[in-house]
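# Descriptive analysis of the structure
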Amino acid sequence: MKALLLIESDRIADIARFYLRPLGFEAIRYRNPVKAIDNLGEVEPDALIVSARDFPRHWKVITQTLRAEKDKDECVIVLLKGEAFPLEEAAKATALGVNGVVRDALDDRREQARFQELLKRYIVVDEDRAENRIFPSAWDRLGFIFAHPRSPAPVS
């Protein structure tokens, strides 16, 4: 499956890629919205992740162009919003067929969970994990424990 990312920020694009990969997506990123619209037919994305903060006018055009070819079940469109996202913009997103709107603060765990759950709602995911993937922050303490290869004794 292919995910088209139309995101200017390198940090947000990297986090989005991190959470798309285990869901089976190959991420293709564009920083130029005109090139992204031109290449929609060639890329044929299964998901579109577009930043409304970076491209406040272009997200409407690319969403409308993509919805003319694919409906909500064929291609998931996720809009990443900034702090200021007026009610009129949300109404336009609904009218244009956006599957969901998530804050672009993807380093927040709640937004990460919303982002993943939104994609899982519309796309069948073949994964064996029981829990969602969590990206540890710089202040998280990590510990590892595993079993000894010759005996079942735990090693920490």
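Notes on the structure in this doc start here. (Residues numbered from 1 in each chain as written. Predicted model: local features only at pLDDT ≥ 70, side-chain atom pairs only at ≥ 80, totals over all residues. Heavy atoms only, no water.)

A word on unusual backbone geometry. Backbone geometry at Glu44 places phi at a positive 45°, although glycine is not the residue there. Assignment of secondary structure puts Glu44 in the loop between α3 (40–43) and β3 (47–51). (Helix = DSSP H or I, 4+ residues; strand = E, 2+ residues; numbered from the N terminus.)

The next subject is the packing of helix α4 (residues 58–69) against helix α5 (residues 87–96). Where α4 meets α5, the axes come as close as 10 Å, and the angle between the chain directions of the two elements is 15°. In terms of their interaxial angle, α4 and α5 are classed as roughly parallel. The element α4 and its partner α5 pack so that their crossing is right-handed. Residues Trp59, Lys60, Thr63, Gln64 and Arg67 of α4 pack against Glu89, Lys92, Ala93 and Leu96 of α5. Across the contact of α4 with α5, the residue classes break down as three nonpolar, two polar and four charged. (Axes fitted to C-alpha atoms, helices over the stretch in contact; angles between N-to-C directions. Parallel < 35°, antiparallel > 145°, perpendicular 65-115°, else oblique. Left-handed = near helix turned anticlockwise from the far one by under 90°. Contact = heavy atoms within 4.5 Å. Nonpolar A, V, L, I, M, F, W, Y, C, P; charged D, E, K, R; others polar.)

Attention now goes to α4. The periodicity of an α-helix, 3.6 residues per turn, causes residues three or four positions apart to be oriented the same way. Here α4 contains 12 residues, and its C-alpha end-to-end distance of 17 Å stays within 8% of the 16 Å for a straight helix at 1.5 Å per residue. Where α4 is concerned, the buried positions are Trp59, Lys60, Ile62, Thr63, Leu66 and Arg67. Buried residues belonging to α4 abut β1 (2–6), α2 (33–38), α3, β3, β4 (76–81) and α5. (Expected span 1.5 Å × (residues − 1). Buried < 20%, exposed > 50% of the residue type's maximum accessible area, 1.4 Å probe, protein only.)

Let's shift gears to the pattern of salt bridges. Going through the model one piece at a time under the given rule, you end up with 12 salt bridges. Between Asp108 and Arg110 there is a salt bridge, and its shortest N-O distance comes to 3.9 Å. Its relative accessible area of 62% is what places Arg110 among the exposed residues. (Salt bridge = Lys/Arg side-chain N within 4 Å of Asp/Glu carboxyl O.)

Ordered by their spatial adjacency, five strands build an open sheet running β2-β1-β3-β4-β5, and the pairing between neighbours is parallel. The outermost strands of the open sheet, each flanked by one partner alone, are β2 (26–30) and β5 (100–103). Averaged over all pairs of adjacent strands, the angle between their axes in this sheet comes to 20°, without regard to strand direction. Two strands pair when backbone bridges link them, and β1 and β2 are joined in this way by five bridges, in the parallel orientation. If you follow Ala3 over to β2, its bridge partner there is Ala27. (Pairing = 2+ DSSP bridges.)

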